Structure formats: C-alpha cells, structure tokens
Amino acid sequence: MIPIAYNVRSLFVRKATTIATALGIGLVVFVLAASLMLGAGIKKTLVSGGRPDYALVLRKGSDTELASSIEVRTVSLVLAAPGVKKANDGAPVGSGELVVVITMEKPGTDGQVSNVQVRGISDNVLTLRPDVKVIEGRAPTPGTDEVMVGRGIVGRFTGVELGKSFELKKNRPVKVVGVFEAGGSSFESEIWADIDTVRSSFGREGLVSSVTVRLDSPSRFEAFKAVMETDKQLGLEAFREKDYYEKQSQGTSIFVWALGILITIFFSIGAMIGATITMNAAVAQRQREIGTLRALGFSRVSILFSFLLEAVVLAAIGGAFGLFGAFLLSFAEVSMMNFATFQEVTFGFDPNPVLLGAAFVFGAAMGVLGGFFPALRAASVSPVDAMRA
Amino acid sequence: MTQATNGTPMIRLEKVSKTFYRDKEALEVLKSIDLEIQEGAYEALMGPSGSGKSTLLNLIAGLDRPTSGKLTVAGADIGAMAEDQRARFRAANIGFVFQTYNLMPVLTARENVELPLLLAKLPADERRKRAEIALKVVGLEHRMDHLPRQLSGGQEQRVAIARAIVTDPKIIVADEPTGDLDRESANEILNLLERLNREFKKTIVMVTHDPAAAERAGTVRRLDKGNLV
Ligand SMILES: Nc1ncnc2c1ncn2[C@@H]1O[C@H](COP(=O)(O)OP(=O)(O)OP(=O)(O)O)[C@@H](O)[C@H]1O
Ligand SMILES: [Mg+2]
C-alpha cells in the first residue's frame, strides 16, 4: 500500500488549504460535540436531583411541581403512608414544599429578566436532602425572611449574593444568608426560603406543591404508590424521584440535541464541500504523481484508498481541533431555560468520552464522504494521459 | 557496442497497431509493428516528435493496450491483460525511468526507492536494505535522506533509476531519460544504464532524441509516422 507518510506530508505541503479545510470540519465536530455534551450535561443536572429511594407526590395530572397544588392537611397522610422512612426520633423523613417561579433581573443587562424557581422549604430540609450542603454562610433561620441560594445562580441575578437582599415579591425583601450546593442538580439553580414566607408572599396559604418522602428502600415504592393512588378522593400521584427528574429533563435535552444536530447538518454540508474542493485540487495537482504510482504498479483501488485516507487524515486533524475546543467547554457553564419548569438552570457540558468519540467519528466520516469523489477521480487517472500532461 | 543478449526474445510485437480516438477522429499512431527485442538487449528508439515512440514504449511497458496485434513481454501476453493484471505485471517486470524523473516530492530518496517494494510483501527492514543497495548502485548512498528538491536533476534521475531497479525487474524502459539533463549528468545516466545492461543483464529500451545517447545502445531503431524504418 502507498505509505500514509505520503498523504500526511502532502497535506502539510499545502498547509494553508489543509488548515482552512480542517478548521471547517473542526467547527462541525465542535458544534456536534458541544450539543451532545450539553444535552448530556442537562440530563445529568436534572436527573442527578433524583434518588432511587425517594418518591415525589403531586396532584394527579400535574406534570410538574409548579403545576401541582396539594392541601396541607393531606401532607400528614402522605407522611404516614407505609414505606416512608422514619428518622431516629421517629419522625417521618419527608416534607411538603411549595414551588413558585419569579422573574429576576440579571445584573449588567438593561433590566433583562429571567425566571428563577423559589422553593419554600421546611425546617428538616437538610435531613430530607442529605446531598445539600451549605458551602457559604448558614442555613436560614426557620420562620424568618432569610433565604439561601443555590451556587449555580450566585451573581447571576441582582441581589443573589451572600449578604445581599432582594425582593421575593414587591415590598417583600429577603436576605441571602447562605449558599448551598446540591451535587450538581438543578436545586443549585433555586432560591430556598421558609415555606411560610413563600406562602404569605404569594397568597398560597394552606398549600404545598409537592411532598417528597424518603422510603425505607427503593423496593417499597410500588406499595407506597398504591396507597397514594387508591384513595381517589385525595387525587394524588406518586413518582419515583428519579423518573420524575428524568422526564423533566427530556424535553430540554432533546431540544438541545435536535438543535445541535440541525446546525451540525448545515455546517457539515459546507465542510464536506470544502473537503471535496480541497481534495479535488490535490488530485488535479498531483496527476503526474498518481500516474507514476500507477505505472509502478499500484492498483486503482490502492490509489482510491490512499486519497480517501488522505481525506480522513485531513478530517481527523479537523476533528482534533474540534474536540480540543469541545474539551475546553467542559470548563464552561451555560444558563438556559428548562422547558419543563420555565426556570433558568445552569448546565455544564458533560465531557462524556463516548459522545466526544462519536463527534470525532462523525468528522472522520465527513472526510470519507467529502473525499470520496476526488479519490474516485484519482483512481481513474490514466497513467498514460497523466505522463503526457 | 556489445550487448548481453542470449537469443531469446524478451519482447515480441506481431502486427501491433495503436489507434487513438479523439472526438470520433481516429489517429493511427502505430501501424502494424513487428518487432523482437532479445533478452539482455539494449535498444534505442529514435524518430521525429509525434512518430509514436512513447506510445510504443508504453505498450511494451504494459501501461497501455494495443488496438490490435499480439504483444508478448517477458513471456506474458500483456495485450490481452486487464488493467489490474497489467499493474501487477508492471510491478514485477518493468522498471520505469522518465524524462521528468517523477519522484514523489514529499518522500526522501530512500522512501522513493522503497515505494515499488511496498507492492511486494517484504518486511520493512528488508525493504530498507534493498533500497540502500539500489541507492549505492547509483552512487547516492550519502543522499538517502534528502528530498527530491534537495537534489540536482542528475541526482534525481539516479534516484529514479534506483527506484527502477530495486525490484530487480527484467526490463527497464526509459523515455528520454537524459532529455532534461546537461551533457555531464546525461553521461552519468548513460553510464549507469550501460552498467545495468552489462553487469545486471537488464533488457533496456530507451527512447531518445539524442544521437550521443543512442550511440550507447546496442541497436538503434527508428520510427517514422508509426512505422519502424
Ligand atoms: N493518449 C493519447 N490520446 C490521443 N492521442 C495521443 C495519445 N498519446 C499519443 N497521442 C498522439 O499520438 C502521436 C504519437 O505520440 P507519442 O507520444 O507516441 O509521440 P513521440 O514519438 O513520443 O513524440 P515526442 O518525441 O514528442 O515525445 C501524437 O500525435 C500524439 O498526439
Ligand atoms: Mg515521447
């Protein structure tokens, strides 16, 4: 076979063209990798809030916490259901929470606003959610107008900073006394305030949005769900917390993937045409070399293969650029709307090696497709004609 | 000039014609050529431009097929072979020397010479060894790692000759091998070809315009308008 060094060095002879073409392919690989990584990051963020031994109870028919509303007196019925774990003091591990969305101003913009989810929490929230840790300041004192904020939104909204105040509602200022982390889940994009503060601010007295409980074990869920849903009067529906978050993430991650793939397709057409033009020029320029190789006895197939390989090497150089860029993204975060909750959530790019590999393979495939017709042309060069030219 | 013939024909053309078609217009470039070249011969082919010299050489080398007639080279009926068969025939039997050297510009002298060996299934160190021997034969063992553009025209042609002999082919075809060279370099190349014929018993067919080059060959044949005269 024709040595690959021949192709690699030939690519380097035409440095400028090679780099320009490779960058085109690199851009495609970058866009594809970025959207796959972001989609995976979204899934990770939204799903990581869900644990297998937790259940979430909503009003029947409500797909989201935001759309659900349950009367407070029902909460104790849920907590008393079989399978709900008891703490050392005998109290059930679970609580009702009230979720609302408010619009807040982004600093440094001209009054641009975005949605933030506010969660009214009970005193035992840190027992209920052991993944949540206060990393700065302290937890708010129950029954006060103190709040803590997820680390994902610190500084992203006016007043959302340790020690600062902002208005939960007009004329209802609250003070940020703590910042918490929640294992990268979407809780990190929420504001947590005392449930009574949220109730009175938004006129939701006597209501919660959801009840979250910890079960004795994941296997108790079916029994728990059965109890919740037999009494039609209660009008409740129970979900495994994990399933709930998975469903929540689907719309957004699919949207990002679809958008990414759409952009990728558009870009890849351009990049492929670029690769075709570059490889066609290479073939035209090297007629005599091809003719000589044929004269020496290299077959048409080996010429075809050699130029295809050259196109793939070209694409792989581009793919490497693209992957490098995509890898840098894993240090970046984006803040965007979660369509299920209309809440702005901060997501990371998940540098999943399988996804990066897939994007790279896609880039290499563009080399094969873009280089195919030029390689076919190279293979059909007649050695006699090439020598006469 | 003596030649190392032993009486068996290495190349045999019987009524070989070649016609090119350009937009339905037929151009008969070779007209029923009968020719026999003995094993170990060193023959020069002369004639005016357009007389069909390169066309004839290409047929002998298995690069092209005759339109009619029978063409036997090194015992093979190459006139009847399909392209991929002829490619294997060329790799095994023919060494090419071109007027414009035709080295791969991105490969070093050694890599250029190794190129035809890649078609034979040889281990890398064996290829390397053979390439070095061939480069030694042409006196370029000290320029093995140079790229073609770092060599003079005469040196490039010597690398091309090393490439032509590295697979130890029976036949060397040379189309105006000294056409682009000054007198002194041309003489070096002609000395080398003569040595390949005498010492290594290669059958050589050389197309040339240069009477001084033709003089070195054992036989000079002339083509005129597609006929041997
Ligand atoms: N592949 C081809 N297609 C069409 N015409 C061709 C082809 N090859 C050669 N010819 C024509 O055949 C004739 C002989 O060409 P050839 O190259 O054999 O001549 P030559 O004797 O080698 O000439 P020169 O001394 O100029 O190299 C020319 O008229 C040429 O134009
Ligand atoms: Mg010619």
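How each quantity is defined
Residues numbered from 1 in each chain as written. Chains lettered and ligands numbered in written order. Predicted model: local features only at pLDDT ≥ 70, side-chain atom pairs only at ≥ 80, totals over all residues. Heavy atoms only, no water. Contact = heavy atoms within 4.5 Å. Buried area = accessible area lost by both parts, 1.4 Å probe. Salt bridge = Lys/Arg side-chain N within 4 Å of Asp/Glu carboxyl O. Polar contact = N/O pair within 3.5 Å; in protein donor to acceptor, adjacent residues only side chain to side chain. Helix = DSSP H or I, 4+ residues; strand = E, 2+ residues; numbered from the N terminus. Nonpolar A, V, L, I, M, F, W, Y, C, P; charged D, E, K, R; others polar. Near = heavy atom within 4 Å. Areas by Shrake-Rupley, 256 points an atom, 1.4 Å probe, with all protein chains shown as cover. Buried < 20%, exposed > 50% of the residue type's maximum accessible area, 1.4 Å probe, protein only. Pairing = 2+ DSSP bridges. Core = buried A, V, L, I, M, F, W, Y, C linked by side-chain atoms within 4.5 Å.

### Quick notes on the interface of chain B and chain A
The partner chain A presents 21 residues to the 23 residues of chain B that form the contact. Roughly 2,000 Å² of surface becomes buried between chain B and chain A when both sides are summed, with 65% attributable to carbon and sulfur atoms. The largest per-residue losses of area from chain B upon contact with chain A belong to Met104, Val106 and Leu119 of chain B, which jointly make up 26% of the total buried on that side. The interface formed by chain B and chain A includes 3 salt bridges. The closest approach of N and O atoms between glutamate 83 of chain B and arginine 294 of chain A, which form a salt bridge, is 2.5 Å. Along the contact surface separating chain B from chain A lie 8 residue pairs in polar contact (both at pLDDT 80 or more). Tallying contributions element by element places helix H2 (residues 83-93) of chain B first for the side of chain B that touches chain A, with 5 residues. Split into classes, the residues belonging to the side of chain B that touches chain A amount to 12 nonpolar, 4 polar and 7 charged.

### Some details on the site of ligand 1
The environment of ligand 1 is formed by 16 residues, the closest being Arg388 of chain A together with Ser49, Lys53, Ser54 and Thr55 of chain B. Ligand 1 sits at a junction of chains, with neighbouring residues supplied by chains A and B. Between serine 49 of chain B and ligand 1, the recorded distance is 2.5 Å, taken from a side-chain N or O atom to an oxygen atom. Serine 54 of chain B places a polar side-chain atom, nitrogen or oxygen, 2.8 Å from an oxygen atom of ligand 1. Relative to its unbound accessible surface of 630 Å², ligand 1 loses 77% to contact with the protein. Elements represented by at least two residues in the shell around ligand 1 include exactly helix H11 (383-388) of chain A together with strand S1 (9-22), strand S2 (25-38) and helix H1 (53-60) of chain B. When residues of the shell around ligand 1 are assigned to their parent elements, the largest contribution, 3 residues, is made by H1 of chain B.

### Focus on the pairing of strand S1 (residues 54-59) of chain A
All names here are of chain A. With 5 of 6 residues buried, S1 lies mostly within the body of the structure. With 4 bridges joining them, S1 and strand S11 (residues 210-214) adopt antiparallel strand pairing. Residue pairing for S11: alanine 55 is matched across the bridge by valine 213. Examined bridge by bridge, S1 and strand S12 (residues 236-240) share 5 bridges and lie antiparallel to one another. Bridge pairing links arginine 59 to leucine 236 in S12.

### Describing the sheet that holds strand S3 (residues 42-46) of chain B
All names here are of chain B. Across the sheet, 6 strands lie side by side as S6-S7-S8-S3-S9-S10; this open sheet has mixed pairing. Edge strands, defined here as strands with exactly one partner in the open sheet, are strand S6 (94-97) and strand S10 (227-228). Of the strand pairs in this sheet, strand S7 (residues 171-175) and strand S8 (residues 203-207) are connected by 5 bridges, and their pairing is parallel. The partner of isoleucine 171 across the bridge, within S8, is threonine 203.

### Observations concerning the nonpolar core
Within the largest apolar cluster, 39 residues are counted, with the highest numbers of intra-cluster contacts made by Val113, Leu135, Val159, Ile161, Leu193, Leu196 and Met206 of chain B. Of all elements in the fold, only S3, helix H3 (109-114), helix H4 (124-137), helix H5 (153-165), S7, helix H6 (183-198), S8 and helix H7 (211-214) of chain B reach the threshold of two or more residues within this core. Those residues in contact with valine 113 of chain B that sit more than four places away from it in its chain are Ala131, Ala134, Leu135, Val159, Ala162, Arg163 and Val166 of chain B. Of all hydrophobic cores here, the second largest spans 37 residues; its members include Ile70, Leu98, Ile191 and Met228 of chain A.

### Considerations on the pattern of salt bridges
All names here are of chain A. The final tally for this structure, using the stated rule, is 44 salt bridges over all chains. Close ionic contact of aspartate 53 with arginine 214 constitutes a salt bridge, the shortest N to O distance being 3.3 Å. Taken as a pair, aspartate 53 in the loop between helix H2 (15-47) and S1 and arginine 214 in strand S11 lie far apart in primary sequence, 161 residues in all. With a relative accessible area of 15%, aspartate 53 lands in the buried category. Judged by its relative accessible area of 25%, arginine 214 falls in the partly exposed class. Arginine 286 is the partner of glutamate 310 in a salt bridge, and the nearest nitrogen-oxygen pair spans 2.8 Å. Here arginine 286 lies in the loop between helix H7 (241-285) and helix H8 (287-296) and glutamate 310 lies in helix H9 (residues 300-329), a separation of 24 residues in the sequence.

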